[in-house]
Amino acid sequence: MFSGRRIAVVVPAFNEANKIARTVRSVPGFVDHVIVVDDTSTDGTARIARRSQRRGLEVLSHEKNRGVGAAIATGYARARSLGADVAAVMAGDSQMDPADLAGLVSAVVSGRADYAKGNRFAWPGVCRVMPLPRLVGNFVLSHLTRLASGYTHVFDSQCGYTAANRRALDAILAGPVFPRYGYPNDLLIRLAAVGARAVDVPVRPVYGPSWRSGIRISRMLGPLGLLLLRAFCLRVGRGLARRLWRSEPLAELPPT
Ligand SMILES: Nc1nc2c(ncn2[C@@H]2O[C@H](COP(=O)(O)OP(=O)(O)OP(=O)(O)O)[C@@H](O)[C@H]2O)c(=O)[nH]1
Ligand SMILES: [Mg+2]
């Protein structure tokens, strides 16, 4: 419990046999439920996760690989059914510093936000830690996501370290989540569309010597580009429609 609220952490994991036990054990003690969502890993990730000693641990498995976004949606649904007031996400690859979780959860529990997300760019020294291609990619996608969502105050759109309250969970689970790596952008777009309050919380970027990523940029860019373009057009279209709807009728011309 955190300030009297029930907290769940969703851990998406795909072929993380080397890191999953460490990740599960590192989840802070105030977390009531740890929900690992495996996706047909072939290296025993689910088995190792199940053996990890952690109060409130559950391991769910998809029957076929559905992607990290779909895994998080499965975890969110389970957190909601367990009665969690806040559901956070921590990746199964130990790239999220457990010391930052309290800050994210606190932003939501205090009522300041419906959705708190990590911002690694607010961390001093990020340029020394984050690899250059990630710095550039995250920077560009963050600006495009600002344009697409209208959340001009949030940055580091690709950071998956987040905490969501029940209002945000309901909005996210109201429709299918973008199943693969574009899911953080999809969530921000959908939360902005329902007027949810999102805030950035500085978190430490973690890229250890054994860092490896499942992201294939070339495969991700097409679907993510379309998602962002569509959201941008819809947002501009909605704004224009609102303006036209509200505009005063033209003043009658004086008789000639
Ligand atoms: N359940 C599930 N988890 C996945 C899948 N793909 C990736 N993940 C997990 O999602 C987390 C983040 O994936 P990464 O590929 O490391 O991507 P990232 O950390 O956002 O980005 P990097 O900066 O490139 O490391 C890790 O814990 C992965 O194991 C998937 O298809 N299913
Ligand atoms: Mg990673």
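One can find the structure itself at the top, above this paragraph.
As the structure is a prediction and not an experimental result, all values here were calculated from the model.

K.L.:
Go over the pattern of salt bridges with me, naming the residues and quoting the values.
P.N.:
Side-chain pairs of opposite charge can arise where the charged atoms are in close proximity. According to the stated counting rule, one finds nine salt bridges in the structure shown. With a shortest N-O distance of 2.8 Å, aspartate 97 and arginine 204 are connected by a salt bridge. Remark: arginine 204 occurs in the loop between strand S7 (198-202) and helix H9 (217-246) and aspartate 97 occurs in the loop between strand S4 (86-89) and helix H4 (101-109); sequence separation between them is 107 residues. Since its relative accessible area comes to 14%, aspartate 97 is described here as buried. Note that aspartate 200 and lysine 117 form a salt bridge whose closest N and O atoms lie 3.0 Å from each other. Here aspartate 200 is found in strand S7, whereas its partner lysine 117 is found in strand S5 (residues 115-119), with 83 residues between them in sequence. The class of lysine 117 is buried, set by a relative accessible area of 1%.

K.L.:
Describe H9, naming the residues involved and giving the relevant values.
P.N.:
Between its terminal C-alpha atoms H9 stretches 42 Å, which fits the 44 Å expected from 30 residues at 1.5 Å a residue. The set of residues buried in H9 consists of Met220, Leu224, Leu227, Leu228 and Ala231. Summarising the contacts, the buried residues of H9 are in contact with helix H6 (132-149) and helix H8 (183-193).

K.L.:
Residues and numbers for the packing of helix H3 (residues 68-81) against helix H7 (residues 166-173), please.
P.N.:
The geometry of H3 relative to H7 is characterised by a closest axis approach of 10 Å and an angle of 130° between their N-to-C directions. In terms of orientation, H3 and H7 fall into the oblique class. Once H3 is placed against H7, the crossing between them reads as left-handed. For the pair formed by H3 and H7, the contact residues are Ala73, Tyr76, Ala77 and Arg80 on the first element and Arg166, Leu169, Asp170, Ile172 and Leu173 on the second. Classifying every residue of the contact of H3 with H7 by side-chain character gives six nonpolar, no polar and three charged.

K.L.:
How would you explain the site of ligand 1 if you had to name every residue and give the values?
P.N.:
In the vicinity of ligand 1 lie 21 residues, with Glu16, Asp39, Arg134, Tyr181 and Ser213 positioned nearest. Take glutamate 16: an N or O atom from its side chain is 2.6 Å from an oxygen atom of ligand 1. In the model, an oxygen atom of ligand 1 is placed 2.8 Å from a nitrogen or oxygen of the glutamine 95 side chain. Put simply, the parts of the chain that give the shell around ligand 1 at least two residues each are strand S1 (7-13) and H3. Of the residues that constitute the shell around ligand 1, the class distribution is eleven nonpolar, six polar and four charged.

K.L.:
Before we move on, could you go through the nonpolar core and cite the residues and values that matter?
P.N.:
If you look at the biggest cluster of nonpolar residues, it comprises 38 residues, and the most contacted ones within it are Val36 and Leu101. Listed by contribution, the elements that provide at least two residues to this core are S1, helix H1 (20-26), strand S2 (33-38), helix H2 (45-51), strand S3 (57-61), S4, H4 and S7. The biggest single contributor to this core is H4, with six residues. Residues Val89, Tyr151, Leu169 and Ala192 belong to the second largest nonpolar core, which totals 28 residues.

So, how was this worked out
Residue numbering note: each chain is counted from 1, following its sequence as written. Labels are handed out in written order, letters beginning with A for the chains and numbers beginning with 1 for the ligands. A pLDDT threshold of at least 70 governs which residues receive local features in this predicted model, and a stricter bar of 80 or more applies before side-chain atom pairs are shown or counted, although totals over entire chains, interfaces and linings include all residues. With hydrogens and water excluded, all non-hydrogen atoms of the structure serve as input to the side-chain values. Any Lys or Arg side-chain nitrogen located within 4 Å of an Asp or Glu carboxyl oxygen qualifies as a salt bridge. A run of H or I in DSSP counts as a helix once it spans at least four residues, and a run of E counts as a strand once it spans at least two, with each numbered from the N terminus. Under the scheme applied here, a residue whose accessible area is under 20% of the maximum for its type counts as buried, over 50% as exposed, and between as partly exposed, the area being computed with a 1.4 Å probe on protein chains only. The span one expects for a helix is its residue count, reduced by one, times 1.5 Å. When checking whether two residues touch, look at their non-hydrogen atoms; a contact exists if any pair is within 4.5 Å. Axis angles are defined between N-to-C directions and span 0 to 180 degrees, where every axis is a line fitted to C-alpha atoms and, for a helix, only to the segment in contact. Orientation labels follow simple angle bins: below 35 degrees gives roughly parallel, above 145 gives roughly antiparallel, 65 to 115 gives roughly perpendicular, and whatever is left gives oblique. Crossings are sorted by hand: turned counterclockwise from the far helix by less than a right angle, the near helix makes the crossing left-handed, and turned clockwise it makes it right-handed. Ten residues, namely Ala, Val, Leu, Ile, Met, Phe, Trp, Tyr, Cys and Pro, are considered nonpolar, four, namely Asp, Glu, Lys and Arg, are considered charged, and the remaining ones, Gly among them, are considered polar. Think of it this way: one heavy atom of a residue within 4 Å of a molecule or strand is enough to make that residue near it. We define a polar contact as two N or O atoms separated by no more than 3.5 Å, with the added condition that, inside protein, one atom must be a possible hydrogen donor and the other a possible acceptor, whereas residues neighbouring each other in sequence contribute only through side-chain atom pairs. What makes a nonpolar core is a set of buried Ala, Val, Leu, Ile, Met, Phe, Trp, Tyr and Cys residues whose side-chain atoms join them at distances within 4.5 Å.

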